Amino acid sequence: MQFSSRRKKYNTNSQTELYLHPLQFYGQPPLENISLSEFEAFAVDRLKLLKTIENLGVSYVKLSEQYTKKLESESKALNFLYRPDADDRKSSGPTEYEKRRKDHISHFILRLAYCQTEDLRRWFIQQEVDLFRYRFNELHPKQKLEFLHRNNLQYDTISVEEKKALQDKLVNSSYAVSGITVEDQDFYKVPFQDALDLVRTRKVYLKAGYVFIPHQDIVTIVLNDFRTRLSKALALTARSLPAVHSDERLQPLLNHLSHAYVGQDYSIQKNVGKISLEQIDSLSGKSFPLCMRQLHQSLRENHHLRHGGRMQYGLFLKGIGLSLEQALQFWRSEFIRGKVDADKFDKAYAYSIRHMFGKEGKRTDYTPYSCMKVILSNPPSQGDHHGCPFRHSEPELLKQKLQFYKVSPSGISQILELVKGMHYQLACQKYFELTHNMEDASFSLNHPNQYFIESQKVLGGGKDLKREMDIPQRSQENSATRGPSAAPEAAANASQELAEVTEELDSFFQDA
Amino acid sequence: MILCSPGDTSAFTSVEGRILQVQKNYFQNREFSFTLKDDIYVRYQSFSTQTELEKEMQKMNPYKIDIGAIYSHRPNQHNTVKSGTFQALEKELVFDIDMTDYDDVRSCCSAADICCKCWTLMTIAIHILDRALREDFGFQHLLWVYSGRRGVHCWVCDEAARKLSVAARSAVAEYLSLVKGGEETLKKVVLTDPIHPFIRESLAVVERYFPRYALQEQDILGRKESVDKVLALMPEDVRKELQQDFQNEKKPENRWKLVKEQANRKQGTAKRGQYFEKEIMLQYCYPRLDVNVSKGVNHLLKSPFSVHPKTGRISVPMDLKELETFDPFAVPTISQICEELDRPRTEEEKSEDTKEKENEKDAAERRKIRDYKRTSLAKYVKYFDQFLEKMARSWKGELLKKSDLQKDF
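The shown structure was predicted, so the numbers you read here are calculated from the model rather than taken from an experiment.

## Focus on the overall build of chain B
Helix and strand counts for chain B stand at 14 helices and eight strands. In chain B, 66% of the contacts between residues at least 6 apart in sequence involve partners at least 24 apart.

## A few points about the overall build of chain A
When helices and strands are tallied, chain A shows 26 helices and four strands. In chain A, which comprises 512 residues, the proportion classed as buried is 50%. For chain A, the accessible area works out to roughly 25200 Å², and carbon and sulfur atoms hold 49% of it.

## With respect to the interface of chain B and chain A
Quite often, the size of an interface is put as the accessible area lost when its parts meet. Each partner contributes to the interface: chain B provides 23 residues, whereas chain A provides 18 residues. Here chain B and chain A share an interface that buries about 1600 Å² over both sides, 63% of which is from carbon and sulfur atoms. Summed over the shared surface of chain B and chain A, the result is zero salt bridges. Taken together, the connections running from chain B to chain A amount to eight residue pairs in polar contact (both at pLDDT 80 or more). Secondary structure elements with two or more residues in the side of chain B that touches chain A: α2 (116-136), α4 (166-175) and α5 (197-217) of chain B. Counting residues per element, the side of chain B that touches chain A draws most heavily on α4(B), at seven residues. A per-class count over the side of chain B that touches chain A returns 15 nonpolar, four polar and four charged.

## Some details on the packing of aromatic side chains
If you walk through the whole model with that rule in mind, you get 46 aromatic pairs over all chains. Ring centres of F288(A) and Y313(A) lie 6.2 Å apart, and the angle between their planes is 70 degrees; this geometry places the pair in the edge-to-face category. With a gap of 25 residues between them, F288(A) in the loop between α13 (279-286) and α14 (290-302) and Y313(A) in helix α15 (residues 307-320) connect regions that are remote in the sequence. For the pair F288(A) and Y313(A), a shared accessibility class is recorded, and that class is buried. Seen in terms of ring centroids, Y175(B) and F198(B) are 4.9 Å apart; in terms of plane orientation they differ by 45 degrees. Their pairing is tilted.

## Describing the nonpolar core
Core analysis: the biggest nonpolar cluster contains 172 residues, and F192(A), L133(B), F137(B), F139(B) and L176(B) have the highest contact counts within it. Among the elements that take part in this core, α2(B) stands out by supplying eleven residues, more than any other. Ignoring any residue separated from it by four or fewer positions in sequence, one finds F139(B) in contact with F192(A), L93(B), L133(B), R134(B), V156(B), D158(B), A161(B) and L164(B). In this structure, L317(A), F330(A), V340(A) and F345(A) belong to the second largest nonpolar core, which totals 57 residues.

## Observations regarding the sheet that holds strand β5 (residues 93-98) of chain B
Residues and elements named next belong to chain B. Judged by pairing direction, the sheet is antiparallel, and its three strands sit side by side in the order β5-β7-β6 without closing on themselves. Taken across any chain shown, the strands that pair with only one partner, and hence form the sheet edges, are β5 and β6 (142-146). Within this sheet the neighbouring strands show an average axis-to-axis angle of 15 degrees, counted without direction.

## Digging into the UniProt feature "binding site: [4Fe-4S] cluster" (unreviewed entry) in chain A
Residue and element names in this part refer to chain A. Taking the numbering used here, the UniProt-annotated feature "binding site: [4Fe-4S] cluster" (unreviewed entry) corresponds to C291, C371, C388 and C428. Spanning 138 residues, the annotated positions come together in the fold, the maximum distance between their C-alpha atoms being 9.9 Å. Considered against the largest cavity, the annotated residues that line it turn out to be C291, C371, C388 and C428. Its relative accessible area of 11% is what places C371 among the buried residues. Beyond its immediate stretch of four places on either side in the chain, C371 contacts Q425, L445, N446, H447 and P448. Among the secondary structure elements, C428 is positioned in helix α22 (residues 424-435).

## Section: the packing of helix α4 (residues 96-114) of chain A against helix α10 (residues 218-239) of chain A
Packed helices, taken two at a time, are described by the angle their axes make and the gap between the axes. Residues and elements named next belong to chain A. Two elements in contact, α4 and α10, have axes whose closest approach is 9 Å; the angle formed by their N-to-C orientations is 60 degrees. Judged on the interaxial angle alone, α10 and α4 are oblique. For the pair α4 and α10, the crossing hand works out as right-handed. Note on element contacts: α10 touches α4 through L230, A233, L234 and T237, opposite H107, R111 and L112. Here the residues of the contact of α4 with α10 are counted per class, giving four nonpolar, two polar and one charged.

## With respect to helix α5 (residues 118-138) of chain A
Structurally, the α-helix is built with 3.6 residues per turn, so residues lying three or four positions apart point the same way. The end-to-end C-alpha separation of α5(A) is 30 Å, in line with the 30 Å expected for 21 residues at 1.5 Å each. The buried count for α5(A) comes to 15 of 21 residues, which makes it a mostly enclosed element.

## Brief notes about the sheet that holds strand β2 (residues 187-191) of chain A
Read across the open sheet, the four strands follow the order β1-β2-β4-β3 (chain A); overall the sheet is antiparallel. The open sheet terminates on both sides in strands that have one partner only, identified here as β1 (156-157) and β3 (205-207) of chain A.

## A few points about empty space enclosed by the protein
All names here are of chain A. Going through the model one piece at a time under the given rule, you end up with twelve cavities of 30 Å³ or more. Of the volumes computed, that of the largest cavity is approximately 110 Å³. What lines the largest cavity is a set of 14 residues, among which C291, C371, C388, C428 and P448 lie closest to the centre. Mapped by element, the contributors of at least two residues to the lining of the largest cavity are α18 (371-376), α19 (389-392), α22 and α23 (448-458). Among the residues making up the lining of the largest cavity, the classes are represented as 13 nonpolar, one polar and no charged.

## A word on the environment of L250(A)
Residue and element names in this part refer to chain A. Among the structural elements, L250 can be located in helix α12 (residues 250-257). Sequence separation between L250 and L112 is 138 residues, and the spatial gap between their C-alpha atoms is 9.8 Å. Apart from residues no more than four positions distant in its own chain, L250 is found in contact with L36, F39 and V244.

## Brief notes about the pairing of β6(B)
Residues and elements named next belong to chain B. Burial analysis of β6 places five of its five residues in the buried class, the great majority of the element. Neither face of β6 is left uncovered, since the one carrying L142, W144 and Y146 and the one carrying L143 and V145 both have all their residues buried. Bridge count between β6 and strand β7 (residues 151-156): five bridges; the pairing is antiparallel. Each bridged residue has a counterpart across the sheet, and for L142 the counterpart in β7 is V156. Hairpin connection, β6 to β7: the antiparallel pair is bridged by four residues, and G148 has positive phi, about 110 degrees.

## Description of the confidence of the model for chain A
Residue and element names in this part refer to chain A. With 80% of its residues at a pLDDT of at least 70, chain A reaches an overall mean of 79. Within chain A, helix α25 (residues 475-482) has the poorest average pLDDT of any element, 35, and β3 the best, 96. Predicted confidence is poor over residues 1-11, with pLDDT under 50, and the contacts of this stretch with residues over four places away or in other chains come to 17 contacts. Contacts for the low-pLDDT stretch residues 462-512, under 50 throughout, to residues beyond four places or in other chains number 64 contacts.

## Quick notes on α14(A)
Residue and element names in this part refer to chain A. Between its terminal C-alpha atoms α14 stretches 18 Å, which fits the 18 Å expected from 13 residues at 1.5 Å a residue. Inspection of α14 places L290, C291, M292, R293, Q294, L295, H296, S298 and L299 among the buried residues, and these make up the whole buried set. H303 sits one or two residues past α14 and shows a positive phi near 55 degrees.

## Some thoughts on the packing of α5(A) against α10(A)
Residues and elements named next belong to chain A. One can describe the packing of α5 onto α10 by two numbers: an axis separation of 10 Å at closest approach and a directional angle of 145 degrees. As α5 packs across α10, the resulting crossing turns out to be right-handed. Each of R121, F124, I125, Q126, E128, V129, F132, R133 and F136 in α5 lies in contact with α10, whose residues at this interface are V219, V222, L223, F226, R227, L230, S231, L234 and A238. Grouping the amino acids of the contact of α5 with α10 by side-chain chemistry returns twelve nonpolar, two polar and four charged.

Definitions and limits used
Residue numbers here run from 1 along each chain, matching the order of that chain's written sequence. Think of it this way: whatever chain is written first is A, whatever ligand is written first is 1, and the rest follow in order. Since the coordinates come from a predicted model, pLDDT governs what is reported: local features require at least 70, and pairs of side-chain atoms require 80 or more to be given and counted, while whole-chain, interface and lining totals use all residues. No hydrogens and no water enter the side-chain calculation; it runs on all heavy atoms of the structure. Numbering goes from the N terminus for both helices and strands, where a helix is a DSSP run of H or I of at least four residues and a strand is a run of E of at least two. Only heavy atoms matter for contacts: two residues are in contact if any of them lie within 4.5 Å across the pair. We call a residue buried when its accessible area falls under 20% of the maximum for its residue type, exposed when it is over 50%, and partly exposed in between, using a 1.4 Å probe and counting protein chains only. Exposure was quantified through the Shrake-Rupley algorithm and a 1.4 Å probe, taking into account, for residues, occlusion by the shown protein chains and nothing else. Defined here as a combined quantity, buried area equals the accessible surface (1.4 Å probe) lost by two parts on assembly, summed across both. The salt bridge criterion pairs a side-chain nitrogen of Lys or Arg with a carboxyl oxygen of Asp or Glu, the two atoms within 4 Å. Between N or O atoms, a polar contact is any pair within 3.5 Å; within protein, one atom must be a potential hydrogen donor and the other a potential acceptor, and residues adjacent in sequence are included only when both atoms are from side chains. Three classes are used, and their members are as follows: Ala, Val, Leu, Ile, Met, Phe, Trp, Tyr, Cys and Pro are nonpolar, Asp, Glu, Lys and Arg are charged, and the others, Gly among them, are polar. Only rings of Phe, Tyr and Trp enter the pairing, Trp through its six-membered ring, and a pair is recorded when the two centres are within 6.5 Å. The plane angle decides the type: under 30 degrees is stacked, over 60 is edge-to-face, the rest tilted. Nonpolar cores were defined as sets of buried Ala, Val, Leu, Ile, Met, Phe, Trp, Tyr and Cys residues, with membership established by side-chain atoms within 4.5 Å. For two strands to count as paired, DSSP must find a minimum of two bridges between them. For every element, the axis is a line fit to its C-alpha atoms; helices are fit only across the contacting stretch, and the angle between N-to-C directions ranges from 0 to 180 degrees. UniProt positions are given in the numbering used here, feature names are shortened, and annotations may be inferred rather than shown by experiment. Cavities and pockets were defined on a 1 Å grid built over protein atoms only: a cavity is a set of grid points that admits a 1.4 Å probe from which the probe cannot escape, a pocket is an open set flanked by protein on both sides within 12 Å along at least five of seven lines, and lining residues are those with an atom within 4 Å of any such point. An angle below 35 degrees is read as roughly parallel, one above 145 as roughly antiparallel, one from 65 to 115 as roughly perpendicular, and any other as oblique. Each crossing gets its handedness from the near helix: less than a right angle anticlockwise from the far helix is left-handed, clockwise is right-handed. Here a helix's expected span is defined as the number of its residues, less one, multiplied by 1.5 Å. Grid points are joined across faces, edges and corners, and a volume is the space filled by probe spheres set on the points. Confidence per residue, as judged by the predictor, is encoded in pLDDT with a range of 0 to 100.

Shown next as structure tokens:
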């Protein structure tokens, strides 16, 4: 593979030139100034896009019709580019240029957030590669060629004579290559090191260290190249991270991006008091996600939960609508059955419950934990029952638990497969589908309280809970939809909201 | 004993005592490992010179000597290097074919035993892999070595091969793998349309050996248990018919003819399961390699010319021109070598000694070198020298090319 060394400095003119093309390798970072609000808004939007890609990638075959349809609508909703042609005359929202600029900038911001650990890098690279694959696929053939040439992938094509001579071998090497393919398409001669996936699966003709790839398959090569470049770039980025982290404005943002939950936070309860304490036992079997069901069961059995469990479960209960008084009564009555007497409860535990409801100390109204937080932070140790069972339980124990909760054997193996692939939230979603007798949950599980609400919807408690769906999105999402054409005063408002949002983000990760 | 590593021309001593240094510190950064008495294993051994290596070997008396990768720093100093910076940079691409991996398809021996009947499996393996590595992958410098007991190793020493990543090594090994599955898998080879040219080439080799090796020597269609095993690999309808036919036909060659007829019929009609006769041949004969040995950039493999502790045989390089007549039981053992060395010197040898008395040190070296020529090792060392020379020539060619390019602007 040859790459010309383009060491010229990019000025904003060449950046404009960059945005004329629908797809890029993200070789050069953006070189302009942007506001903090744009910084965060862009990053959050791209993160949502990447999370969509992750979910879709497990639920559907990549590049199948359903996959591309859903990805297209999500890209549209988030104002990322989705049309290979920059036809601005029709659209009323951000221009194609603006969308591509956002794409460029948001990619580089997320690099900063996701370069820090091996796990984060791997996740980021996987989703970016899938996004790239989808976009490359959407290009017209001419644009694909143009992309290859512009990015110096100088693979040679073989002559017509050579093609004829190798025709039989080419056809017999790949299911997708017919005699017509050989006649019609150019075949590229690529060193085998650049096409390992094709070599490994023996899906290509290999001769003297070169593989022969029809134009239609050149994507694999391009993807590998993209992956390699991104991997190297992330390693470099990680080394310059200390400099970035010294900027106080950026550090909290970047930290939270890599842990961010970007959906509803279930902190505003419109149905406070609608749940009675007597209902909790039956609700735990019907509508609680596995983590909360497990916590509830442990609480009932041991009349106690340790701190991690109290936080995770307590905030969840708050989210489903328990009032402070109900919560106090609930915990107190259970703990008293154990080794704790009423006095000790009032002294030691009541305080922390009131703290959860924002009635003590900083008086921040703490928000129930999202799946991301449960999975990533504070793993359980001996004697703990919190965490995500799909992430933190031994597969054998998980299996037993699911059997105990009467999940079918085939369902259990589906769940275990997802767990093996580290798709914990999808495993929980599958648990939802199995326990509610549904084929498709039709929502993307991100939050235990979301599980509860969806479950109640399915089980017929629809009327009261419809209002839940109107919970306002968090303030930062509002600033994102305003777009780059916002007036300066909007920017000032945005940075104030940003300060509030940062504090809210901070609160996610603090224990009472 | 002169020890040479295939990739280290800086360490090899040819008959004339040439030493070539292609890359700075290549030899010094090479990892060796010794297995000592009582199974004590010491890794990260490295040496500044060949003499140092020899002295250490004489001092430690290792039972096994393995060769590993070229690292970024001297392996014996790896603890002093900042964590994360000590890395394997290069290593020959290696393959290990072990006869025990064929236990489910050979009836003559099992476990560590081999005989001339099942040795054919190694011959087949070498033919198939050697062709693929050269013609498909374009590698040129391949050294096949008898492991000393029950298998063979292949060292691919091309520069491109030495620089392959883990992913690339694993891809090469997977490309070369056709037999998949462990104890629980009955049918270990499954072929689908289209049949890749690589598989066709491999089948051509297997077909050459199959009648004598499988039908005669292993008698897979003779004894009842074997026949049942073979039939189990076929589609049910075919199996039933053949079970009938085999009642009347007892000769293995004719039985196999019947199998092929069935296969031809199936290939004309069915879309799946129609390649069973090819699958059977491959399951019984196709090389079985351990992908994990080939994958690792820092994996250590037995050194050529070392002595196998259990058999005493020397791990000799194999000249593929004589592959058909290679006899693992005729490979020299260490006791044999010692005997040959102890033989009284001939008049000719004694006169050569006096000629070189001028330069004391050289004379000792030369006598050491000449000594091996008095043993059965001579032809193996000669073959090895030819191999190294070929590599040296191709480097010189590369160096010339590079310097030519540098003159261009």
